[in-house]
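Here is how the chains run, residue by residue.
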Amino acid sequence: MAREFASKGVNFIFVYTREAHPGENYPAHRSFEQKLDHARAFKGEFKVERPLLVDDLTGTAHKLYGSLPNMTYLISRGGKVLFRADWTDPPTIEYTINYVLDSRARRREGLRLAPFYAEFAGYRWNDPAKFQEGLARAGQQAVDDFSRAMEKRLKQPLRPGRIELSE
Amino acid sequence: MDEETEIEIYNYSEFVGSEEFMTFRTHLPVGSSAPDCEAKLLETGQPVKLSEYWKKSDVLIEFGSFT
């Protein structure tokens, strides 16, 4: 997708943050060298071709953008936030970029367009087996911590702001 | 807070599931100017500003980690 959109004037970059699920194999960063090592391992495993930027050890970039583990922003040429999501979902990204590119094309064709603001509830494909695989790669501690956190969450009301598909 | 403490708090060593999903919704709304800062390019180790990317084109920024 990054390659396809690069030819249409949208570039993709990846910012490497703290470890969301630290474990024995990939523990919490205590030095920048260690963070670089983890980023290299990540790039190798997932064949990341996009420019990979490693945030500093205190998470300066990550905090500026909201500190979530897997978020995405679309920034316009010129530096305005056009789209943001609290989870990275490729089909949603593809849809959104095409929407922006189509809108610009329609304006170029002479259509009069007025800007408006919108939000929507997103639904992403969830693959628990793949997620568990990732946790296991980090180490047993990551598996155990996640399962403890989920047990705790089950005892609490649904996360506020969560919108079920059936609602 | 000294830097070492800040590093240990930010890079938590145990996941407890307390991410700020609701805070995110109002943190940097659509239409805001994207905040700029420097990060290091993994390939070269060179510092690069995020704004260098949006000066040239639209840019999709994904955040994440190996774990």
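Up top is the structure these notes are about.
Computed from a predicted structure; not experimentally measured. (Residues numbered from 1 in each chain as written. Chains lettered and ligands numbered in written order. Predicted model: local features only at pLDDT ≥ 70, side-chain atom pairs only at ≥ 80, totals over all residues.)

### Some words on the overall build of chain A
Okay, so step 1: Counting secondary structure elements, chain A contains 6 helices and 4 strands.
Okay, so step 2: Mapped in sequence order, the helices and strands of chain A form the string α-β-α-β-α-β-β-α-α-α.
Okay, so step 3: Relative to all contacts within chain A whose residues are 6 or more apart in sequence, the contacts with residues 24 or more apart total 52%. (Helix = DSSP H or I, 4+ residues; strand = E, 2+ residues; numbered from the N terminus. Contact = placed C-beta atoms within 7 Å.)

### Examining helix α4 (residues 90-108) of chain A
Okay, so step 1: With 19 residues, α4(A) extends 27 Å between its outermost C-alpha atoms, agreeing within 8% with the 27 Å of an ideal straight helix rising 1.5 Å per residue.
Okay, so step 2: Positive backbone phi, approximately 105°, marks A:Gly110, located one or two places after α4(A). (Expected span 1.5 Å × (residues − 1).)

### Notes on the environment of A:Leu68
Okay, so step 1: Relative to the elements of secondary structure, A:Leu68 occurs in the loop between α3 (60-64) and β3 (72-75).
Okay, so step 2: Among the residues examined, A:Leu68 registers 23 C-beta atoms within 10 Å and is labelled buried.
Okay, so step 3: If we skip the residues at most four places from it in the chain, A:Leu68 touches A:Asp86, B:Glu19, B:Phe21 and B:Phe24. (Buried ≥ 20, exposed ≤ 12 C-beta atoms within 10 Å, placed from the backbone.)

### Side note on helix α2 (residues 32-46) of chain A
Residue and element names in this part refer to chain A.
Okay, so step 1: Given a rise of 1.5 Å per residue, 15 residues ought to cover 21 Å, and the 21 Å separating the end C-alpha atoms of α2 matches this to within 8%.
Okay, so step 2: Within α2 the residues assigned to the buried category are Lys-35, His-38, Ala-39 and Phe-42. Projected onto a plane normal to the axis of α2, the buried residues spread over an arc of 100° and lie on a single side. Exposed residues on α2 whose side chains face more than 90 degrees from its buried face are Glu-33 and Gly-44.
Okay, so step 3: As for α2, its buried residues are in contact with β1 (10-16) and β2 (52-54).
Okay, so step 4: Positive backbone phi, approximately 50°, marks Lys-47, located one or two places after α2. (Arc of directions from axis to C-beta.)

### Here we look at the nonpolar core
Okay, so step 1: If you look at the biggest cluster of nonpolar residues, it comprises 38 residues, and the most contacted ones within it are A:Ile13, A:Val15 and B:Ile61.
Okay, so step 2: Broken down by element, this core gets its largest block of residues, 6 residues, from β1(A). (Core = buried A, V, L, I, M, F, W, Y, C linked by C-beta atoms within 7 Å.)

### Notes on the packing of helix α5 (residues 128-138) of chain A against helix α6 (residues 140-154) of chain A
To characterise two packed helices, one gives the angle between the axes of the helices and the distance between these axes.
All names here are of chain A.
Okay, so step 1: In contact at an axis separation of 5 Å, α5 and α6 are set at 130° when each is read in the N-to-C sense. When the interaxial angle is binned, α5 and α6 end up oblique. Two secondary-structure elements touch here, α5 through Leu-135, Ala-136 and Ala-138 and α6 through Ala-142, Val-143 and Phe-146.
Okay, so step 2: For the contact of α5 with α6, a count of residues per class yields 6 nonpolar, no polar and no charged. (Axes fitted to C-alpha atoms, helices over the stretch in contact; angles between N-to-C directions. Parallel < 35°, antiparallel > 145°, perpendicular 65-115°, else oblique. Nonpolar A, V, L, I, M, F, W, Y, C, P; charged D, E, K, R; others polar.)

### What about unusual backbone geometry?
Residue and element names in this part refer to chain A.
Okay, so step 1: Residues other than glycine seldom take positive phi values, yet Lys-47 does so here, at roughly 50°.
Okay, so step 2: One can find Lys-47 in the loop between α2 and β2.
Okay, so step 3: Residues other than glycine seldom take positive phi values, yet Ser-67 does so here, at roughly 65°.
Okay, so step 4: Of note, Ser-67 is situated in the loop between α3 and β3.
Okay, so step 5: The exposure class of Ser-67 is partly exposed, given the 18 C-beta atoms found within 10 Å.

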